[in-house]
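Listed below, chain by chain, are the residues.
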Amino acid sequence: MVKAWYMDNDLSDQRLEHHRNPPEFVSLDDLYKKTGVEYFNININTFTTDGVLDKIKKDRGYTYEDEIVCSKECLPNYEEKIKSFFEEHLHTDEEIRLVLDGSGYFDVRDGSDHWIRIAVSAGDMIVIPSGIYHRFTLDTNNFIRAKRFFIGEPVWLPYNRPADEMPCRKDYLHKLEKGFVDVY
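### What to know about the pattern of salt bridges
- As enumerated under the stated definition, the model contains 18 salt bridges in all.
- In this structure, the salt-bridge partner of glutamate 24 is arginine 20, at a minimum N-O distance of 2.9 Å.
- We note a salt bridge from glutamate 95 to arginine 97, for which the minimum N-O separation is 3.7 Å.
- Residue classification places glutamate 95 among the buried residues on the basis of a relative accessible area of 9%.
- You can call arginine 97 buried: its relative accessible area is 14%.
- What you see here is one network of salt bridges that share partners, running through Glu88, Arg109, Asp113 and Arg161.

### What to know about the packing of aromatic side chains
- Considering all chains together, one arrives at eight aromatic pairs under this definition.
- Relative to tyrosine 105, the ring of tryptophan 5 lies with its centre 6.1 Å away and its plane at 80°, an arrangement referred to as edge-to-face. In this pair, tryptophan 5 is assigned in strand S1 (residues 3–6) and tyrosine 105 in strand S5 (residues 95–109), connecting sequence segments 100 residues apart.
- Given a relative accessible area of 2%, tryptophan 5 falls into the buried group.
- Judged by its relative accessible area of 6%, tyrosine 105 falls in the buried class.

### Looking at the nonpolar core
- If you look at the biggest cluster of nonpolar residues, it comprises 28 residues, and the most contacted ones within it are Leu31, Ile118 and Val120.
- Contacts of isoleucine 118, omitting those with residues within four sequence positions, involve Val2, Lys3, Ala4, Leu31, Val37, Gly104, Tyr105, Phe106, Asp107 and Val108.
- Membership of the second largest hydrophobic core comes to 12 residues, among which are Leu53, Tyr62, Ile96 and Phe149.

Rules used throughout
- In every chain, residue numbers begin from 1 and rise along the written sequence.
- At least 70 in pLDDT is required for a residue's local features to be given in this predicted model, at least 80 for side-chain atom pairs to be given and counted, and no such filter applies to totals for whole chains, interfaces and linings, which use all residues.
- As a rule here, side-chain values come from all non-hydrogen atoms in the structure, and water together with hydrogens is ignored.
- Salt-bridge detection follows one rule: a side-chain nitrogen of Lys or Arg within 4 Å of a carboxyl oxygen of Asp or Glu.
- A 1.4 Å probe rolled over the protein chains alone gives each residue an accessible area, and that area as a share of the maximum for its type sets the label: buried under 20%, exposed over 50%, partly exposed in between.
- Here a Phe, Tyr or Trp ring, Trp counted by its six-membered ring, pairs with any other such ring whose centre lies within 6.5 Å, and the pair is stacked when the planes are under 30 degrees apart, edge-to-face when over 60, and tilted otherwise.
- We count a stretch as a helix when DSSP gives it H or I for four or more residues in a row; a strand needs E for two or more, and each element gets its number in order from the N terminus.
- To qualify as a nonpolar core, a set must consist of buried Ala, Val, Leu, Ile, Met, Phe, Trp, Tyr and Cys residues joined through side-chain atoms within 4.5 Å.
- Throughout, a residue-residue contact means that at least one pair of heavy atoms, one from each residue, lies within 4.5 Å.

Set out below in structure tokens:
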């Protein structure tokens, strides 16, 4: 089950938990209210047959998927890729990840520009909204296998911060100000 918390400002090893002192956890409801990040718990043992993931994909219009493995053994240019994933950026489309095995962290900015760290492991599916500043890193296990979902053709391009003039960023900030509405 996913956990989320506000991060400290320590810039040492990005793969550590980086809790504030004292720790300040964020509930899934507050995570959604503060960032628009959505969470789904998917049964890894039955997702190919139970219809839960198929319904989410249909309801949200996900028409393309692939799988990625991040580890020193499987990812070409591993160190360079991990550094690029950890650069603060946004996308013009949602970023959807379903963790099949392993674990890692997605960091997202709240409305006050503070980092919230989201720890994901097998069965966790998160939807990071278009226009939110975020980043990804592995944890100390140095391994994750995940499905990636897209609406239409995949959009891989990250826009590093600052990208405040992009329409997706302005739209995200408008939603953040007005409040996110759960339509699914």
